[in-house]
Amino acid sequence: MRASFAAVPVLLFLAGCAASPRIDTSYTSANQDSRVQFLVLHFTSSDFASSLKILTEGPVSSHYLVRDDPPTIYRLVDEGRRAYHAGVSSWKGNTQLNAASIGIEIVNEGLQGGAWQPYPKPQMDAVLALVQSIVARHEIRPDRIVGHSDIAPQRKVDPGPMFPWKRLADEGLIAWPDAQAVAQRRAGFEQSLPDIAWFQRRLAQHGFAVPLGGELDAETRNVLVAFQMKYRPARFDGTPDAETAALLDVLVSP
Ligand SMILES: [Zn+2]
């Protein structure tokens, strides 16, 4: 009988259902940071009601959903927990981005009847305030605030060419290529356009997963489209041109 009495607390502990052990929290390590390293922006490509249903009932989810009308921020997953918004993804050599990111889904129908839907200003004001608070809370670096199309350019185009990345740059949240430097380097690239391997190397340095074989293949074009949608949304046909070269060069080597 004595033996079985002694075994009871041990079994409970192993099962994880006993009272928590006493933990001394007198000491704190200086070597730590947030588990949240990336912020990923998306559009839902559907209206609020169906977006909410998909994001709450699965199979995908996001930490936040920002409605357009009225502009409202919903938190669907606690920031300390993982949401399933990124899928197969890569940025600056980091993969499995769901585990280390916060995802914001923005209600926007994307491409409808051949026209990309705009982001109303009140909705973007809400998105910006949310991004600022998340970035401050987790000290997320500017080069780790990305779109879904940055981390999965072969599968995704969101948040699309209407997303006002420049507003994030104006708030100091992300880097933006200096217009004067771009104009200067563009003149040189118009004289002599770099080869595809040059574009691929710089796209990779910027953060994209991109082939490096020197061929203008479909994968490389998709990455160019993602880059152009963000920094030169007036034309995002995936064609390597002098302006794209200048934007990329200034971003990678300011
Ligand atoms: Zn997405």
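Residues numbered from 1 in each chain as written. Predicted model: local features only at pLDDT ≥ 70, side-chain atom pairs only at ≥ 80, totals over all residues. Heavy atoms only, no water.

Engineer: Just checking my understanding: could you explain the overall build of the chain for this structure?
Structural biologist: Looking only at helices and strands, the chain has 9 helices and 9 strands in total. Principal-axis analysis of the C-alpha atoms gives the chain an extent of 90 × 40 × 35 Å. In the chain, which comprises 254 residues, the proportion classed as buried is 43%. Intrachain contacts of the chain at a sequence separation of at least 6 include 63% that bridge at least 24 residues. Counting only carbon and sulfur atoms, one obtains 54% of the accessible surface of the chain, whose full area is about 13800 Å². For the chain, the centre of its 25 positive side-chain charges and the centre of its 27 negative side-chain charges are spaced 6 Å apart. (Helix = DSSP H or I, 4+ residues; strand = E, 2+ residues; numbered from the N terminus. Buried < 20%, exposed > 50% of the residue type's maximum accessible area, 1.4 Å probe, protein only. Contact = heavy atoms within 4.5 Å. Areas by Shrake-Rupley, 256 points an atom, 1.4 Å probe, with all protein chains shown as cover. Lys, Arg positive; Asp, Glu negative; His and termini not counted. Charge placed at Lys NZ, Arg CZ, Asp CG, Glu CD.)

Engineer: Help me out: how do you make sense of the sheet that holds strand β3 (residues 72-75) in this one?
Structural biologist: In sheet architecture, strand pairing relies on hydrogen bonds along the backbone and comes in two forms, parallel and antiparallel. Within the open sheet, the 5 strands sit side by side as β3-β2-β6-β1-β9. Their pairing is mixed. A strand with exactly one partner marks an edge of an open sheet, and here the two such strands are β3 and β9 (145-147). If you compare each strand with its neighbour and ignore which way they point, the axes differ by 20 degrees on average. Here strand β2 (residues 64-67) pairs with strand β6 (residues 101-106) via 3 bridges, running parallel. Looking at β6, one finds that Val66 is bridged to Ile106. (Pairing = 2+ DSSP bridges. Axes fitted to C-alpha atoms, helices over the stretch in contact; angles between N-to-C directions.)

Engineer: For this particular structure, what's the right way to read the pairing of β2?
Structural biologist: Both β2 and β3 contribute to a ladder of 4 bridges, which runs antiparallel. From the neighbouring strand, Leu65 faces β3, where its bridge partner is Tyr74. Two successive antiparallel strands, β2 and β3, enclose a turn made up of 4 residues.

Engineer: It is not clear to me how the packing of aromatic side chains should be interpreted in this structure. Could you clarify?
Structural biologist: The geometry of two aromatic rings is summed up by the distance between their centres and the angle between their planes. Per the counting criterion, the structure on display carries 10 aromatic pairs. Between Tyr119 and Phe163, the aromatic rings sit 5.3 Å apart at their centres with planes inclined by 90 degrees, giving edge-to-face as the arrangement. Of this pair, Tyr119 sits in the loop between β8 (115-116) and α3 (121-138) while Phe163 sits in the loop between α4 (148-151) and α5 (165-170), and the two are 44 residues apart along the sequence. Judged by relative accessible area, which is 3%, Phe163 ranks as buried. Here Trp176 and Tyr231 contribute two aromatic rings whose centre-to-centre distance is 5.1 Å and whose plane-to-plane angle is 45 degrees, an arrangement assigned as tilted. A residue pair is termed long-range when its members are at least 10 positions apart, and Trp176 in the loop between α5 and α6 (179-191) and Tyr231 in helix α8 (residues 218-231) qualify at 55 residues. Looking at Tyr231, the relative accessible area reads 10%, which means it is buried. Three or more aromatic residues joined by ring pairs form one cluster here, namely Phe43, Trp116 and Phe236. Across the ring face of Phe48, the terminal group of Arg67 is positioned such that the distance to the ring centre comes to 3.9 Å. Taking NZ or CZ as reference, Lys230 lies 4.2 Å from the ring centre of Trp165, over its face. (Phe/Tyr/Trp six-rings, centres within 6.5 Å; stacked < 30°, edge-to-face > 60°. Lys NZ or Arg CZ within 6 Å of the ring centre and 35° of its normal.)

Engineer: In this structure, what is going on with unusual backbone geometry? I would like to understand it.
Structural biologist: Negative phi characterises most residues that are not glycine, and trans characterises most peptide bonds. Asp69 connects to Pro70 through a cis peptide bond whose omega is -5 degrees. For Pro70, the location among the structural elements is in the loop between β2 and β3. Residue Pro159 follows Asp158 across a cis peptide bond; omega there is 10 degrees. Residue placement: Pro159 occurs in the loop between α4 and α5. At Lys92, a residue that is not glycine, the phi angle is positive and equals roughly 50 degrees. One non-glycine residue with positive phi stands out, namely Gln96, at about 55 degrees. Along the polypeptide, Gln96 turns up in the loop between β5 (94-95) and β6.

Engineer: What is the right way to look at a negative patch on the surface in this model?
Structural biologist: On the surface, a cluster of negative charge is contributed by Asp47, Asp68, Asp69 and Glu109. Of note, Glu109 is situated in the loop between β6 and β7 (111-112). Note on Glu109: relative accessible area 33%, which makes it partly exposed. (Patch = residues over 30% accessible without salt bridge, like charges linked within 9 Å, V, L, I, M, F, W, Y side chains within 5 Å. Salt bridge = Lys/Arg side-chain N within 4 Å of Asp/Glu carboxyl O.)

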